[in-house]
Every structure is written in C-alpha cells, then in structure tokens.
Amino acid sequence: MVDPDPWYADWKEDVDGAGSDLIDFMRGRFTAACIKGRSWWCVERPDDEDRPAANKAEWEQRKLGDVSIYAIDNEQVLDMEADARGELRWAIVHSIETPREDPRRGERGIIHETWRIYDREAVETFEIRYDPSSQQRPEVATHVGRKAHGFERVPLVRLGFVGTQAVKVKMGLRMKTLSGTALEGFWLLNRLADAQT
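Not measured: the values here are computed from a predicted model. (Residues numbered from 1 in each chain as written. Predicted model: local features only at pLDDT ≥ 70, side-chain atom pairs only at ≥ 80, totals over all residues. Heavy atoms only, no water.)

## Some details on the nonpolar core
- Trp40, Cys42, Ile72, Val77, Leu88, Ala91, Val93, Tyr118, Val123, Val154 and Leu156 form the largest nonpolar core, which has 11 residues in total.
- Contributing elements (two or more residues each) for this core: β1 (38-44) and β4 (88-97).
- Per element, the largest residue contribution to this core is three residues, and it comes from β4.
- Among residues more than four places away in sequence, those in contact with Val77 are Trp40, Ile72, Ile92 and Val93.
- Counting seven residues, the second-largest nonpolar core is a separate cluster that includes Trp11, Val15, Trp41 and Ile69. (Core = buried A, V, L, I, M, F, W, Y, C linked by side-chain atoms within 4.5 Å. Buried < 20%, exposed > 50% of the residue type's maximum accessible area, 1.4 Å probe, protein only. Helix = DSSP H or I, 4+ residues; strand = E, 2+ residues; numbered from the N terminus. Contact = heavy atoms within 4.5 Å.)

## Let's talk about the confidence of the model for the chain
- Of the residues in the chain, 81% reach a pLDDT of 70 or more, and the chain-wide mean stands at 81.
- Here residues 179-185 scores under 50 on pLDDT; set against residues more than four positions off or in separate chains, the count is 12 contacts. (pLDDT = per-residue confidence, 0-100.)

## Let's talk about the side chain of His149
- Relative to the helices and strands, His149 resides in the loop between β7 (142-148) and β8 (156-160).
- A polar side-chain atom of His149 sits 3.2 Å from the main-chain amide nitrogen of Phe151.
- In this structure His149 touches Arg45, Asp119, Arg120, Glu121, Ala122, Val123 and Pro155, once residues within four positions along its chain are discounted. (Polar contact = N/O pair within 3.5 Å; in protein donor to acceptor, adjacent residues only side chain to side chain.)

## What to know about the sheet that holds strand β2 (residues 68-72)
- Pairing is antiparallel across the open sheet formed by three strands, whose spatial order is β2-β1-β8. The strands lining the two open edges of the sheet, one partner per strand, are β2 and β8. Shown here is a sheet whose adjacent strand axes are inclined to one another by a mean of 25°, direction ignored.
- Pairing analysis gives five bridges linking β1 to β8, with the strands arranged antiparallel. (Pairing = 2+ DSSP bridges. Axes fitted to C-alpha atoms, helices over the stretch in contact; angles between N-to-C directions.)

## Remarks on the environment of Phe126
- With respect to the secondary-structure elements, Phe126 resides in strand β6 (residues 122-130).
- Put simply, Phe126 and Thr142 are 16 residues apart on the chain and 5.4 Å apart in space, counted from C-alpha to C-alpha.
- Aside from chain neighbours lying at most four places away, what touches Phe126 is Glu113, Thr114, Trp115, Ile117, Ala141, Thr142, His143 and Val144.

## Brief notes about the sheet that holds strand β5 (residues 111-119)
- The strand order across the open sheet built from five strands is β3-β4-β5-β6-β7, with neighbouring strands paired in antiparallel fashion. Here the strands that pair on one side only, and so sit at the sheet edges, are β3 (77-82) and β7. The sheet shows a mean angle of 15° between the axes of neighbouring strands, direction not considered.
- In this sheet, β7 lies alongside β6 in antiparallel orientation, the contact comprising six bridges. By the bridge assignment for β7, Glu124 is matched with Arg146.

See below:
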C-alpha cells in the first residue's frame, strides 16, 4: 500500500487558504443544500500570472499545483447549462461587494459587481463599479479578461436536491437508483417551510 502524498493531509486542514477544515467546509455545503435546495463551491488553482513554470522545481516552489475551494451561495449562480450526463457546460456567477480599504476613514459607498462566466476551458470576468449616492448603475459591464482555469471541466461543484438527475447510490451490497424526486425528499426546508411560515 502506498502512503498518500503529505500534501493531502495539509490541504484537508486548510482547503480555502483561510484555515477551513475539509469536513467543516463540506458540512456547511450540505447544510446549505438542505436549506436552499442546492449549494455550490468553486475549485481554483493559483494564478500563474501568465508565466508558466520552467520546470517541476519552480512549479512546486510557486505552489502552482495547490488547489483551494470556496463556497458560493445558491443565489449567486445566475444561470447554468449541463449536458446529458449532468456535467456543467457553463455557469454564470455574480457577486456584489462594497469594499472599504481603510477602517479609519470613508464608508462602504462604492459597489463592485462582478460576473464570472465559467466554461470548460476558462473563466471570463466582467465588472461594474459605481457610487450609488452620486451616479446611476452603469448599463454595460467592463470586460476584465478571460483566463484559463487549468481544469478539463467547469470548476464549479454543485450539491443539491432540486433538479438533480437520478443518481446511483450503494445501499448495503446493491446499487440502487434514486430518482430526482426521491432526492428532493432530502431538501429539508422544502418539507418544513410551511410549518415555519
């Protein structure tokens, strides 16, 4: 038996670069799927800054093989398309931030909206920045760029009970197919919503 690479043990303890443990991260994603019907996360590799590594030593030194994951709210995924096997062809992710550079001065006035269009080869980014107190929201977003993400498929993972195609799960010694309807039964908030309201 071959021992796994020590990288995996380190990565499990910090999957997002902010100290999140893999089990805690996945627990949060499962909880979000139970509440909202679906949860998402993105897988990212470090930016090589358009300077590919010359050799494996440089690749390891620059940590270009490291991977991080971060959560995406279900509401942030504006649209997506999947093929017949359920694999994503593309997805559009929208985020809104109001950054504040210095806590001692200024307020969170500037709105920064970003749209990222992920496909099987690259991610294309568009953005709008504006101050709602002094200007209207621009109608056209600025194209920031298109960059290869380094994966062979869309680097978004979805876990959900809504619109999910049938899946095979192992029950005891046999494989059983659960329909999308059966999976929807796991969506807890869908069952409890009436009682809560």
